[in-house]
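Each chain, written out:
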Amino acid sequence: MKTSIKRKVSGLLATLLILSVMIPALAFAASIKIDNYDYNGNLNGSVYEDTYVGSTVYVTVYDSTYTHWKVVQATYDTTYKSGYRYIFNFTALESTYDPAVVKYVYGVNKATYDTMNRASYSGGGGIYVPPASGDVSIDANGKANADQLAALLQKDENAKVKFPGEFVLLPSWVLSKGKVLTVENDYGTYTLPLTKLDAEALAKKVGVALNELYIRVTIAKVSDATRADVTKAAYAEDATLLGNVIDFKVQTEATGKTAADVDFGKTYVKRTIKLDSALGKINTLASTGVLYDAAGKSIIFVPSSFAAVGDKSEVAIWRVGNSIYAPVETKKTFTDISTHWAKVDIQSLANKLVVEGYNNRFLPQSDITRAEFTAIVVRALGLTTTGAKSAGFKDVASTMWYADVINTAAQAGLVEGNGDGTFKPNAKISREEVAALVLRALAYTGKDVTVSTADKAAALKPYTDAAKVSAWAKDEVATAVKLGLIKGYTPTTIKGQLNATRAEAVTLIKRLLDTAGFTN
């Protein structure tokens, strides 16, 4: 009897021991599931636990190669009654996370996984809903609906279309119906001057029918490697990045192949980069948009200004041509301008990478040469100098530092040589020459510089030495005075033939950029 009881007790204890080993394993049999991953990159999922493990847990989201990852917080769902669920959300702006892999670690070095592809335009609940501001749908291949876009362009001269992802394909055959079209994604905007776009000529150049040609607009974050290069280039200029580095492109595309860049001629095209900071936190006098020159591994000033957008901000960039752009802030100063009347303008344009000094000095009262001032104007306009054709000036050798900027300026119609075929790059530049060059630069930006004969006469009337202004320069000096680009040397003198100083040159360039709306 006692032996039988002992056997039963031993069996019961063995069973309890087995159960005691199994229960922890069962208690920590967690799982993770992606509930939805839509076309816009919004991923939602759930973690399921058999026990309550706190108000939050953490999930890791990977790309398919596990080289990119982000940690996401999952919050306990108090409404779930069938166990313990934690819900998480993640927005994948990058195409890197397609497919996405989610991982949840539980217990002692245990993990559970799930994976899902991003939904196509019409697939699996991941349907892209066009924004109300632009009633144009975008399909899974990035193509804008032609009929909807045509209707929008006819209705709105300043139409706007929002698109998901990093590019949109615009049907070229309907673009002639509009004047201006701004396309926008999560990174920024690109404003296209449609009146400067000859779709038929582009189709002919590519060798396709007009209804087969698309205009591909890209607004994309650069790779981590490129961002690192831009960061290094900024560091070389004592600058720091203020936001994303964005690659802006406008290209032709037909039969699924990207063919060539779209050229808008000399028209300055506006694009913006969205910033997370409020405008009040940005020192606009020391900040600017820059172009990244991959060949030279350097950053270059581009006409740009900052503006508030709700509780955040954006930098608007104007330039002719595609490229990689970024917003930066620099900290430059000079030891010889602390009490100078032009200190603010000098320091601001130095920080914007428009002007340079000499070993921590600016030499504001020194004269400036024709080559030096031409270089500043070309830089202020954001013109590309690489590969400029020779203007044929006899005294501008191709080996000299100023050759490219002078040739670029001549090609743009900003400068002219002397009657003997020379440019005289090292000669001092006069106030009247500076006024003429700045006026031409303003006209190059697309601004109307037309001034009536009466207004020109009135502009020079206060100056007793107006008659001494060279005949070739009189109209341009008068116009520059009327437009506020240049002021008298004194209230009663213009001193057109006096050499301009470096400080005066900077002030005129600042007025040029302000008048054109190219800085703030």
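Scroll up a little and you will see the structure.
Residues numbered from 1 in each chain as written. Predicted model: local features only at pLDDT ≥ 70, side-chain atom pairs only at ≥ 80, totals over all residues. Heavy atoms only, no water.

Enquirer: It is not clear to me how the overall build of the protein chain should be interpreted in this structure. Could you clarify?
Expert: Across its full length, the protein chain carries 11 helices and 21 strands. A compact globule built from 520 residues would reach a C-alpha radius of gyration of about 24 Å, whereas the protein chain, at 32 Å, exceeds it by more than 25%. When its C-alpha atoms are laid out on the principal axes, the protein chain stretches across 135 × 60 × 40 Å. When each of the 520 residues of the protein chain is scored for burial, the buried share is 46%. Considering only intrachain contacts with a sequence separation of at least 6, the fraction spanning at least 24 residues in the protein chain is 67%. Side chains of the protein chain carry 58 positive and 51 negative charges; the gap between the two charge centres is 4 Å. (Helix = DSSP H or I, 4+ residues; strand = E, 2+ residues; numbered from the N terminus. Rg over C-alpha atoms; globule rule 2.2 N^0.38 Å. Buried < 20%, exposed > 50% of the residue type's maximum accessible area, 1.4 Å probe, protein only. Contact = heavy atoms within 4.5 Å. Lys, Arg positive; Asp, Glu negative; His and termini not counted. Charge placed at Lys NZ, Arg CZ, Asp CG, Glu CD.)

Enquirer: What's the story with the pairing of strand S16 (residues 269-275) in this structure? I'm lost.
Expert: Put simply, side chains in a regular strand alternate between the two faces of the sheet. For S16, a buried count of five out of seven residues is recorded, marking the element as mostly surrounded by other parts of the structure. Pairing of strand S11 (residues 188-193) with S16 involves three bridges; the strand directions are antiparallel. Its bridge partner being in S16, Gly188 is matched across the sheet by Ile273. The pairing of S16 with strand S20 (residues 312-319) spans seven bridges and is classified as antiparallel. Across the sheet, Lys270 pairs through a bridge with Trp318, a residue of S20. (Pairing = 2+ DSSP bridges.)

Enquirer: What is the right way to look at the environment of Asp77 in this model?
Expert: As for its placement among the helices and strands, Asp77 is situated in the loop between strand S4 (69-76) and strand S5 (84-91). Ignoring anything within four residues of it in the chain, the contact list for Asp77 reads Arg85, Tyr86 and Ile87.

Enquirer: Could you clarify how one ought to interpret empty space enclosed by the protein in this entry?
Expert: Sizing a probe to match a water molecule and rolling it over the atoms shows the empty space that remains. The tally for this structure, following the rule as stated, stands at one cavity of 30 Å³ or more. Counted as a void, the largest cavity has a volume near 50 Å³. Lining the largest cavity are Tyr190, Val250, Val262, Asp263, Phe264, Val269, Arg271, Arg319, Val320, Gly321 and Asn322. Looking at the lining of the largest cavity residue by residue, the classes come out as six nonpolar, two polar and three charged. (1 Å grid on protein atoms, 1.4 Å probe; cavity = no way out; pocket = protein on both sides within 12 Å on 5 of 7 lines; lining within 4 Å. Points joined across faces, edges and corners; volume = space filled by probe spheres on them. Nonpolar A, V, L, I, M, F, W, Y, C, P; charged D, E, K, R; others polar.)

Enquirer: Would you take a moment to explain helix H2 (residues 146-155) for this structure?
Expert: Along an α-helix, residues three or four positions apart point the same way, because every turn accommodates 3.6 residues. Every buried residue belonging to H2 is among Ala146, Leu149, Ala150, Leu152 and Leu153, and all of these are buried. Around the axis of H2, the buried residues are gathered within 165° of arc, so they sit on the same side. Within H2, the exposed residues directed more than 90 degrees away from the buried face are Asp147, Gln154 and Lys155. Contacts made by the buried residues of H2 are with strand S8 (158-162), strand S9 (167-171) and strand S10 (180-184). (Arc of directions from axis to C-beta.)

Enquirer: What am I meant to see in the pairing of strand S3 (residues 56-63) here?
Expert: Here S3 lies mainly inside the structure; six of its eight residues are buried. The pairing of S3 with S4 spans seven bridges and is antiparallel. The partner of Val61 across the bridge, within S4, is Lys70. As judged from the four bridges shared by S3 and strand S6 (residues 100-106), these two strands associate in the antiparallel manner. The residue of S6 that forms the bridge with Asp63 is Ala100.

Enquirer: Any chance you could explain the side chain of Thr493 here in plain terms?
Expert: Within the secondary structure, Thr493 sits in the loop between helix H10 (474-482) and helix H11 (502-516). Side-chain polar atoms of Thr493 contact the side chain of Thr490, separated by 2.5 Å. (Polar contact = N/O pair within 3.5 Å; in protein donor to acceptor, adjacent residues only side chain to side chain.)

Enquirer: In this structure, what is going on with the layout of surface pockets? I would like to understand it.
Expert: The volume enclosed by the largest pocket comes to roughly 850 Å³. Lining the largest pocket we find 36 residues, and of these Ile299, Ile300, Leu353, Glu356 and Arg379 sit closest to its centre. At the level of elements, strand S17 (287-293), strand S18 (298-302), helix H6 (370-380) and helix H7 (403-411) are the ones that each hand at least two residues to the lining of the largest pocket. The element best represented in the lining of the largest pocket is S18, accounting for five residues. Residues that form the lining of the largest pocket fall into these classes: 19 nonpolar, nine polar and eight charged. The calculated volume of the second largest pocket comes to roughly 460 Å³. Lining the second largest pocket we find 24 residues, and of these Asp186, Tyr187, Lys274, Leu275 and Ser313 sit closest to its centre. Mapped by element, the contributors of at least two residues to the lining of the second largest pocket are S10, S11, S16 and S20. Here the lining of the second largest pocket gets four residues from one element, more than from any other, and that element is S16. Across the lining of the second largest pocket, the residue classes break down as five nonpolar, eight polar and 11 charged.

Enquirer: Please clarify how the environment of Tyr84 should be interpreted in this entry.
Expert: Mapping Tyr84 onto the fold places it in strand S5. When the C-alpha atoms of Tyr84 and Thr112 are compared, they prove to be 16 Å apart, with 28 residues separating the residues in sequence.

Enquirer: Explain the sheet that holds S8 to me, please; I cannot follow it from the model alone.
Expert: Pairing between sheet strands relies on hydrogen bonds along the backbone, with the strands arranged either parallel or antiparallel. A sheet is described by the order of its strands in space; here six strands give the open sequence S8-S10-S11-S16-S20-S19, paired in mixed fashion. Every interior strand has two partners, whereas the edge strands, S8 and strand S19 (304-309), have only one. Adjacent strand axes in the sheet meet at a mean angle of 20° when their direction is disregarded. In this structure, S19 lies alongside S20, joined through six bridges in antiparallel fashion. Residue pairing in the sheet places Ser304 in a bridge with Ile317 of S20. (Axes fitted to C-alpha atoms, helices over the stretch in contact; angles between N-to-C directions.)

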